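An overview of the molecular structure
Residues per chain, in single letters:
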Amino acid sequence: MARRTRVRLAVALGGVIAVIVLVAVLLAVFRTPAQLLPVGAPAPAFALRTTTGETFDTAAHRGEVVVVTFCASWPVACARAVAAANAVADRATVLLVNGDSETRASVAAFVRRFRSRFPVALDPGVASVTFPAHGPRGPVTARYRVTLFPTVYVIDAAGRIAWRDAGALSAATLAREVRRAARRVP
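**Some thoughts on the environment of Asn98**
Positionally, Asn98 belongs in strand E4 (residues 93-98). What makes Asn98 buried here is its relative accessible area of 3%. Along the backbone, Asn98 and Thr51 are 47 residues apart, and their C-alpha atoms lie at a distance of 9.9 Å. Asn98 has contacts with Cys71, Ala72, Ser73, Val107, Ala121, Leu122 and Asp123, leaving out every residue within four places of it along the chain. Side-chain polar atoms of Asn98 contact the side chain of Glu102, separated by 2.9 Å.

Pasting the structure below:
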């Protein structure tokens with residue numbers, strides 16, 4: 001191959017790589033979880049059984065800031081989401097919802113492994129699965145338009161969605177959004 005041809009190919013390849021990097025950066029900076037329920041919308045009410053057999057009812061927590069994290073036991077990011085939620089458990093009511101139709105035993109093992117300091121609810125779909133299988137989304141998970149685990153919603157005292165995001169999450173970001181939701185006047 002001639003030197004001139006190699007140079008042209010290198011320049012073209014460099015240009016393609018630069019465009020890919022630019023698009024990736026723009027998507028990371030301006031990404032919005034468009035499929036999720038919009039900020040300011042009323043949070044759908046629900047009542048789910050927890051791994052301890054109790055019922056968590058969002059209506060009983062009206063007037064409080066509530067953090068609802070939709071997870072499954074298999075994504076690595078869900079383990080980090082538990083750590084982030086543990087960090088704010090003293091400032092808000094926190095609930096983790098297993099939205100992947102996993103069995104109670106599978107979810108209980110996840111809870112023990114990652115030392116959840118808050119209730120973990122089961123949102124069973126049409127069929128139950130055990131780790132590492134992936135199951136169907138449960139009805140509450142579907143109502144919240146969750147397509148990626150973890151997905152986190154912060155609900156303000158008025159029962160409206162104050163913030164939401166899908167994917168990896170830091171404890172600092174969640175703490176900031178809980179503080180913002182707590183400052184909102186119902």
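**Here's the deal with the pairing of strand E7 (residues 161-166)**
Most of E7 sits inside the fold, with six of its six residues counted as buried. Both strand E6 (residues 151-155) and E7 contribute to a ladder of five bridges, which runs antiparallel. Within the sheet, the bridge partner assigned to Tyr153 lies in E7 and is Arg164. Where E6 hands over to E7, the hairpin turn is made up of five residues, of which Gly159 adopts a positive phi near 85 degrees.

**Observations concerning the confidence of the model for the chain**
Here the chain averages 87 in pLDDT, while 90% of its residues score no lower than 70. Element-level pLDDT for the chain is lowest in helix H1 (residues 3-30), with a mean of 72, against a maximum mean of 97 in E6.

**What about the pattern of salt bridges?**
Per the counting criterion, the structure on display carries four salt bridges. Note that Asp90 is salt-bridged to Arg91, the shortest N-O span being 3.9 Å. A residue is classified by how much of its surface remains accessible, and Asp90, at 60% relative accessible area, is exposed. Assessed through its relative accessible area of 43%, Arg91 is described here as partly exposed. With a closest N to O distance of 3.3 Å, Asp156 and Arg184 form a salt bridge. With a gap of 28 residues between them, Asp156 in the loop between E6 and E7 and Arg184 in the segment after helix H5 (171-183) connect regions that are remote in the sequence. A network of salt bridges, in which partner residues are shared, links Arg176, Glu177 and Arg180.

Reading the values: rules and limits
- Residues numbered from 1 in each chain as written.
- Predicted model: local features only at pLDDT ≥ 70, side-chain atom pairs only at ≥ 80, totals over all residues.
- Heavy atoms only, no water.
- Helix = DSSP H or I, 4+ residues; strand = E, 2+ residues; numbered from the N terminus.
- Buried < 20%, exposed > 50% of the residue type's maximum accessible area, 1.4 Å probe, protein only.
- Contact = heavy atoms within 4.5 Å.
- Polar contact = N/O pair within 3.5 Å; in protein donor to acceptor, adjacent residues only side chain to side chain.
- Pairing = 2+ DSSP bridges.
- pLDDT = per-residue confidence, 0-100.
- Salt bridge = Lys/Arg side-chain N within 4 Å of Asp/Glu carboxyl O.

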